[in-house]
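Here's the letter readout for the chains.
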Amino acid sequence: VTRVAGGTALPQALAAVFARMEPTPQARGAIQDIAYRTMREYGLAQVLLGQLASRKPSAPELHALLCAALALLVPEAEQAPYDPFTVVDQAVDCAASQRTLAPAKGMVNAVLRRFLRERQPLLAQARRQPLAEWNYPAWWIDAMRAAWPQQWRDILTAGNQPPPLTLRVNLAKTGVDDCLAAFAAAGIEAVRVGPQALKLLRALPVAQIPGFAEGLVSVQDAAAQLAAPLLDLRDGMRVLDACAAPGGKTGHMLETARVQMLALDSDPQRLARIDENLRRLQLQAELRHGDAGARDWWDGRPFDRILADVPCTASGIVRRHPDIRWLRRKDDVRQLAALGGRILDNLWPMLAPGGKLLFVTCSIWPQESEQQAAAFAVRHQALRLPAPGQLLPAARADEDHDGLFYALFQKTTV
Ligand SMILES: C[S@@+](CC[C@H](N)C(=O)[O-])C[C@H]1O[C@@H](n2cnc3c(N)ncnc32)[C@H](O)[C@@H]1O
């Protein structure tokens, strides 16, 4: 929590903690669970702490400890993830065990016990502030309300739900019904949430999912599964996946047709994850480390299809990455939209006449998605083909997916 408050993304912050502590798998799971829960309730916890402590704790670790404990104490009794008195005792023990925090252990005890005694009025008072009511920074709430005046409440609520574990069935190797039958035989409940998307009703480690190791299924959100079919791929096509890592959509495209795939990414570590994923699926692509905004990696031969899943604020996948809202600044939207526009402009000349370019973001800010697509079409006189446009995040039983944006362009032959 302290690292995220200092600007580090939660997965990297957790990796650093795990490298230092070397926890058991059980402790690792608990640390991860507590960190993600805290990110989802961080706004409320900060407001509560403001009510409970006469001044903000000066040590960032103390602030983080109290916010994490309050985040765990907020859910009502039947939904409480941990026994409330255990949470208080553990928080006090944690303070006592660290030299810098030990003098504050009485204060930790007093703040948390007062919360337990006065929880209803304290929560009611805190939730009068948007930061506490929605658990997003004020600029994010205001911008969401302006962009989506009808849907902003549903969008913010969906972003606070724990994400489902959704799988993509590899139709080159099996069928959706066969997968459902294998899951039922293993006692795993799943429902269909897309043409080849199955949502597990209870998450479990991928190693325990029948067919995962053999490449029959892959983890991929239902909205992300729309990319490959939109590209209308045929055997032998030259395809560029321009921002490919970790390779979710690369794998799906390769399952769809025998194409010559070049998978590019500017992050070498993330590029290695494409290799891992394709090995499991027993599929091949040429992997290249490079900048999709430059041409030094291109051999000059045009591509029949280009997937441009450009870097963005990731505002459509906050339920998977609840830290994003606390890390982003308002100006990031403009800067990332400019980067996305540069990448699209650079890729367009690499497309063969008649070829198709699919522009994707996992953002729901119009500057990064629809406004970007509309401006691009005008700049390049690109033909816009039917595509879903903006999919808002949905967290319902029948429709459960992240917030992604799709625009499909074709280069006219003349
Ligand atoms: C939204 S993710 C791609 C997800 C991927 N398409 C999938 O389905 O698994 C964006 C990727 O763009 C990469 N990236 C960021 N800037 C880039 C650039 N200038 N050129 C190429 N890749 C870039 C990031 O490393 C990241 O892996």
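Reading guide: rules and limits
Residues numbered from 1 in each chain as written. Predicted model: local features only at pLDDT ≥ 70, side-chain atom pairs only at ≥ 80, totals over all residues. Heavy atoms only, no water. Pairing = 2+ DSSP bridges. Helix = DSSP H or I, 4+ residues; strand = E, 2+ residues; numbered from the N terminus. Axes fitted to C-alpha atoms, helices over the stretch in contact; angles between N-to-C directions. Contact = heavy atoms within 4.5 Å. Disulfide = S-S within 2.5 Å. Buried < 20%, exposed > 50% of the residue type's maximum accessible area, 1.4 Å probe, protein only. Domains from an automatic or database assignment. Buried area = accessible area lost by both parts, 1.4 Å probe. Salt bridge = Lys/Arg side-chain N within 4 Å of Asp/Glu carboxyl O. Polar contact = N/O pair within 3.5 Å; in protein donor to acceptor, adjacent residues only side chain to side chain. Core = buried A, V, L, I, M, F, W, Y, C linked by side-chain atoms within 4.5 Å.

Moving on to the sheet that holds strand β10 (residues 383–390). Spatial strand order, β7-β6-β5-β8-β9-β13-β10: seven strands in an open sheet with mixed pairing. Strands with a single pairing partner mark the edges of an open sheet, and in this sheet they are β7 (286–289) and β10. Each strand of the sheet is rotated relative to its neighbour by a mean of 15°, with strand direction disregarded. With six bridges connecting them, strand β9 (residues 351–361) and strand β13 (residues 405–410) associate as antiparallel partners. Bridge pairing in β13 links V360 to Y406. Here helix α15 (residues 268–281) sits on the sheet in contact with β6 (260–265) and β7, set at roughly 170° to β7.

What makes a disulfide is a covalent bond joining the sulfur atoms belonging to two cysteines. In this structure the tally under the stated criterion is zero disulfides. C67 supplies the cysteine sulfur nearest to C94, a cysteine that is in no disulfide, at a spacing of 13 Å. Residue classification places C94 among the partly exposed positions, given a relative accessible area of 28%.

Here we take up the domain arrangement of the protein. Segmenting the protein into domains produces domain 1 (2–135), domain 2 (137–162 + 224–414) and domain 3 (164–220). For domain 2 and domain 3, the distance between their C-alpha centroids amounts to 24 Å. The partner domain 3 presents 19 residues to the 17 residues of domain 2 that form the contact. Here domain 2 and domain 3 share an interface that buries about 1,400 Å² over both sides, 39% of which is from carbon and sulfur atoms. Ranking the residues of domain 2 by area buried against domain 3 places Q225, E255 and R280 at the top, with a combined share of 46%. Scanning the region where domain 2 abuts domain 3 turns up two salt bridges. Among the salt bridges present, the one from D400 reaches K199, with a minimum N-O distance of 3.0 Å. The tally of links from domain 2 across to domain 3 stands at 12 residue pairs in polar contact (both at pLDDT 80 or more). Of all the secondary structure elements, the ones that give two or more residues to the side of domain 2 that touches domain 3 are α14 (248–256) and α15.

With that out of the way, let us pick up the sheet that holds strand β4 (residues 217–219). Judged by pairing direction, the sheet is antiparallel, and its four strands sit side by side in the order β2-β3-β1-β4 without closing on themselves. Each of the sheet's edge strands pairs with one partner strand only, and the pair in question is β2 (190–194) and β4. Here the strands of the sheet are splayed against their neighbours by 35° on average, with no regard to which way each runs. Of the strand pairs in this sheet, strand β1 (residues 165–169) and β4 are connected by three bridges, and their pairing is antiparallel. Residue V169 lies in a different strand from β4, and its bridge partner there is V217. Contacts from α14 reach β1 and β4, with the element oriented near 30° to β1.

On to the nonpolar core. Among the nonpolar cores identified, the biggest contains 46 residues, and W140, M144, L156, M253, V259, L358 and Y406 are the most heavily contacted of them. Among the elements of the structure, α10 (138–147), α11 (152–158), α13 (227–230), α14, β6, α15, β9 and β13 are those that each provide at least two residues to this core. The biggest single contributor to this core is α10, with four residues. Once you skip the residues sitting within four places of it in the chain, M144 turns out to touch W152, I155, L156, I364 and W365. Of all hydrophobic cores here, the second largest spans 42 residues; its members include V47, A69, V111 and A132.

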